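# Results of the structural survey
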Amino acid sequence: MIVPINEQYRIITDAYQWIVQKKRARKDRDGWESVTYHPTYPSAFQSLGELMVRRSDAATLADALVDVENVTTTLSQALTCLLYTSPS
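Residues numbered from 1 in each chain as written. Predicted model: local features only at pLDDT ≥ 70, side-chain atom pairs only at ≥ 80, totals over all residues. Heavy atoms only, no water.

### Observations concerning the overall build of the protein
In terms of regular secondary structure, the protein is built from two helices and four strands. Counting from the amino terminus, the protein carries its helices and strands in the arrangement β-β-β-β-α-α. Residue burial in the protein is summarised as follows: out of 88 residues, 26% are buried. Summarising the internal contacts of the protein: among those between residues at least 6 apart in sequence, 32% fall at separations of at least 24. Entry remark: accessible area of the protein is about 6,200 Å², with carbon and sulfur atoms responsible for 54%. (Helix = DSSP H or I, 4+ residues; strand = E, 2+ residues; numbered from the N terminus. Buried < 20%, exposed > 50% of the residue type's maximum accessible area, 1.4 Å probe, protein only. Contact = heavy atoms within 4.5 Å. Areas by Shrake-Rupley, 256 points an atom, 1.4 Å probe, with all protein chains shown as cover.)

### Here we look at the nonpolar core
Side chains of a nonpolar character, in soluble globular proteins, are inclined to be buried together. Within the largest apolar cluster, 14 residues are counted, with the highest numbers of intra-cluster contacts made by Ile5, Ile11, Phe45, Leu48 and Leu75. In terms of residue count, the dominant contributor to this core is helix 1 (residues 41-54) (five residues). (Core = buried A, V, L, I, M, F, W, Y, C linked by side-chain atoms within 4.5 Å.)

### Considering the packing of aromatic side chains
One pass over the full model with this rule turns up two aromatic pairs. Seen from their ring centres, tyrosine 41 and phenylalanine 45 are 6.4 Å apart, and the 85 degrees between their planes marks the pair as edge-to-face. Of the two residues, tyrosine 41 and phenylalanine 45 are both situated in helix 1; the distance of four residues between them amounts to about one turn of the helix. Assessed through its relative accessible area of 32%, tyrosine 41 is described here as partly exposed. Exposure remark for phenylalanine 45: the relative accessible area of 8% places this residue in the buried category. Through a chain of ring-to-ring contacts, three or more aromatic side chains come together here, namely Trp18, Tyr41 and Phe45. (Phe/Tyr/Trp six-rings, centres within 6.5 Å; stacked < 30°, edge-to-face > 60°.)

### Details of the sheet that holds strand 4 (residues 30-38)
The strand order 1-2-3-4 describes an open sheet built from four strands, whose pairing is antiparallel. Here the strands that pair on one side only, and so sit at the sheet edges, are strand 1 (2-4) and strand 4. Averaged over all neighbouring strand pairs, the angle between strand axes comes to 30 degrees, with direction disregarded. Pairing between strand 1 and strand 2 (residues 9-13): three bridges, direction antiparallel. Bridged to proline 4 within strand 2 is arginine 10. Contacts from helix 1 reach strand 1, strand 2, strand 3 (18-25) and strand 4 within the one sheet, and its direction differs from that of strand 2 by about 160 degrees. (Pairing = 2+ DSSP bridges. Axes fitted to C-alpha atoms, helices over the stretch in contact; angles between N-to-C directions.)

Geometric descriptors of this kind do not, in isolation, establish any biological role.
Okay, here's the thing in structure tokens:
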């Protein structure tokens with residue numbers, strides 16, 4: 001399963017784990033680099049959210065709070081898509 005988050009991140013899964021991946025530019029094509037590994041999807045989403053906030057360009061507390069809100073919205077939308085497109 002592949003859960004797209006945005007243009008830069010996605011979460012994939014195999015039989016054993018959930019994997020946060022970051023898009024990476026290669027010589028002639030784009031690829032994906034695995035960043036972190038998790039036993040559950042909630043821990044993968046939490047880790048990715050923290051990563052996205054840490055990599056924010058916020059210079060003030062107000063900017064940081066806006067970035068946290070944007071990250072939360074992005075992850076909520078991805079999680080909603082995951083829940084509504086998964087087979088029952």
